[in-house]
Amino acid sequence: MGKILNAIANDHLCVAPDIYRGSREYRRARDLYCTLGDRLLERMDKEDQKLLQEYSDAQLNESSLYGDARFIRGFRLGVLMMVEVMTEEDDLVLHEDDSSE
């Protein structure tokens, strides 16, 4: 116990993001998104391209903030589950004298 806490305390925890390559389905969706984006940009003048970029940036920011909040909530839920398991671990064991339940 404590390996992660020691790594955090000693600044040895690797938190660099991995490059997500995704499944075939994800890659197809990404390729379609990129292709459609290129086609849209070809049809737009500079002013419309700028507006689309601002829209895309705002959408990405919102999505990132939402993803962060969901991650934090999920992490907290996982910690609460672990605390419950560790503090009430005896409740998970069937005892012979518990036949009344």
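Everything that follows concerns the structure shown earlier in this document.
Draft legend 1. Structural view of the layout of surface pockets. Empty space within the largest pocket amounts to approximately 320 Å³. Listing elements by their share of the lining of the largest pocket, those giving two or more residues are α2 (24-43) and α3 (46-87). Looking at which element gives the most residues to the lining of the largest pocket, the answer is α2, with seven residues. Here the lining of the largest pocket is composed, by residue class, of seven nonpolar, five polar and one charged.

Draft legend 2. A look at the pattern of salt bridges. Per the stated rule, a full pass over the model turns up two salt bridges. Put simply, D31 and R30 hold a salt bridge, and the shortest N to O gap is 3.5 Å. Classification of D31 as partly exposed rests on a relative accessible area of 41%. On the accessibility criterion, R30 (33% relative accessible area) is partly exposed. The partner of K50 in a salt bridge is E54, with the nearest N and O atoms 3.9 Å apart. Taken as a pair, K50 and E54 lie in helix α3 at a separation of four residues, close to a single helical turn. You can call K50 exposed: its relative accessible area is 55%. Assessed through its relative accessible area of 43%, E54 is described here as partly exposed.

Quick notes on the rules
- Residues numbered from 1 in each chain as written.
- Predicted model: local features only at pLDDT ≥ 70, side-chain atom pairs only at ≥ 80, totals over all residues.
- Heavy atoms only, no water.
- 1 Å grid on protein atoms, 1.4 Å probe; cavity = no way out; pocket = protein on both sides within 12 Å on 5 of 7 lines; lining within 4 Å.
- Points joined across faces, edges and corners; volume = space filled by probe spheres on them.
- Helix = DSSP H or I, 4+ residues; strand = E, 2+ residues; numbered from the N terminus.
- Nonpolar A, V, L, I, M, F, W, Y, C, P; charged D, E, K, R; others polar.
- Salt bridge = Lys/Arg side-chain N within 4 Å of Asp/Glu carboxyl O.
- Buried < 20%, exposed > 50% of the residue type's maximum accessible area, 1.4 Å probe, protein only.

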